[in-house]
Amino acid sequence: MYSVTTEALPLTDAFPYERKVTYYGDDAVPTRALLIYCHGGGLLYGEREDLPELHLKTFTEAGFRIAAIDYPMAPTIKLDGILEAVLDAVREVTEENRDLPYFLFGRSAGAYLMLLAAASGKLPHKPSGILSYYGYGFLTDQWFETPSAYYMQFPAVPESCLPDEHEAPFCDAPLDTYYDRYIYARQQGRWKDLIYEGRDKYFYRDYTLRLADSLGAPLFAAHSTGDTDVPYEEFRALQAKYHPETMIAVAPLHDFDRDTEDPFTAKLLEKSVAFLNEHLD
């Protein structure tokens, strides 16, 4: 059975708010590598401790120590600050575990941030590989800045769900409390406006993968054909650009691996571990 420990990352002038990392490891199994995990939530909600038990058990029993990191939430902090916080957390965690090779792992927005981090050239050394579950790179147009047909089916969420300008930066944003911000953003086609501030040309240059010819590491990417949040066409663009190992679910779901009773989820984790083993330094 895996053990769990949580540590605080240091407060600095650049990051004067609470950030933590939660480690999961199986003491009965030799640790072979570090798996740095970044959660999803559209950058507007989410928690670092959101990995299902099956995922934690599978990876730790295979000898991978998981480090689940925090990052600050939009719209209080925009993409520039979010990405810098992720890069800083990766640096801190890899320095603490400098004797281990490491992989990047993210789901949805977390995968997006890990892909950006890998493409940025700002990591202390290259990861051995990247796991992207329903991630994206804003490689295709419109879907992220126009109203979502899927979220338009939900009851309308008012603009009053958004914080005022005095909200302090924070990382822990449970779905039950903050999911309405994401629904509002997708209903109104304002998602990009809430996570990014600046000129469009810098968004496409710095916060998409459109100009990133290489990620600098092997990639495993999983997606569903009926993804309700990130269009399958976005995955196909990611696939065409980086030629990753892939696993595709035929399902009308975004986070399809949340169903840990589905044999497909077990197969996804098995294939993920095989990818990690293949690329372990």
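Anyway, here's the lowdown on the structure attached to this text. The model shown is predicted, which means the values in this text are computed figures rather than measured ones.

Cut-offs used in this document
- Residues numbered from 1 in each chain as written.
- Predicted model: local features only at pLDDT ≥ 70, side-chain atom pairs only at ≥ 80, totals over all residues.
- Heavy atoms only, no water.
- Core = buried A, V, L, I, M, F, W, Y, C linked by side-chain atoms within 4.5 Å.
- Buried < 20%, exposed > 50% of the residue type's maximum accessible area, 1.4 Å probe, protein only.
- Contact = heavy atoms within 4.5 Å.
- Axes fitted to C-alpha atoms, helices over the stretch in contact; angles between N-to-C directions.
- Helix = DSSP H or I, 4+ residues; strand = E, 2+ residues; numbered from the N terminus.
- Parallel < 35°, antiparallel > 145°, perpendicular 65-115°, else oblique.
- Left-handed = near helix turned anticlockwise from the far one by under 90°.
- Nonpolar A, V, L, I, M, F, W, Y, C, P; charged D, E, K, R; others polar.

**A few points about the nonpolar core**
Next, step 1: Ile69 and Trp191 are the most contacted members of the largest nonpolar core, which totals 69 residues.
Next, step 2: Ignoring sequence-local partners within four residues, the contact set of Trp191 consists of Gly42, Leu44, Tyr136, Phe138, Trp143, Phe144, Tyr182, Ala185 and Arg186.
Next, step 3: Listed in part, the 27 residues of the second largest apolar core include Phe105, Tyr134, Leu268 and Phe275.

**Section: the packing of helix 1 (residues 53-61) against helix 8 (residues 263-279)**
Between two packed helices, both the angle of their axes relative to each other and the distance between the axes serve to describe the pair.
Next, step 1: Look at helix 1 against helix 8: their axes get within 10 Å of each other, and the N-to-C directions meet at 30°. Viewed along their axes, helix 1 and helix 8 adopt a mutual orientation that is roughly parallel. Considering the relative orientation of helix 1 and helix 8, their crossing is right-handed. Between helix 1 and helix 8, the contacting residues are Leu54, His55, Thr58 and Phe59 on the first element and Thr265, Leu269, Ser272, Val273 and Leu276 on the second.
Next, step 2: In the contact of helix 1 with helix 8, the residues fall into five nonpolar, four polar and no charged.

**Brief notes about the environment of Met152**
Next, step 1: Inspection of the secondary structure assignment puts Met152 in the loop between strand 6 (130-133) and helix 4 (175-188).
Next, step 2: Note: C-alpha distance between Met152 and Tyr184 (32 residues apart in sequence) is 9.3 Å.
Next, step 3: Residues contacting Met152, with those up to four places away along its chain left out, are Pro147 and Gln187.

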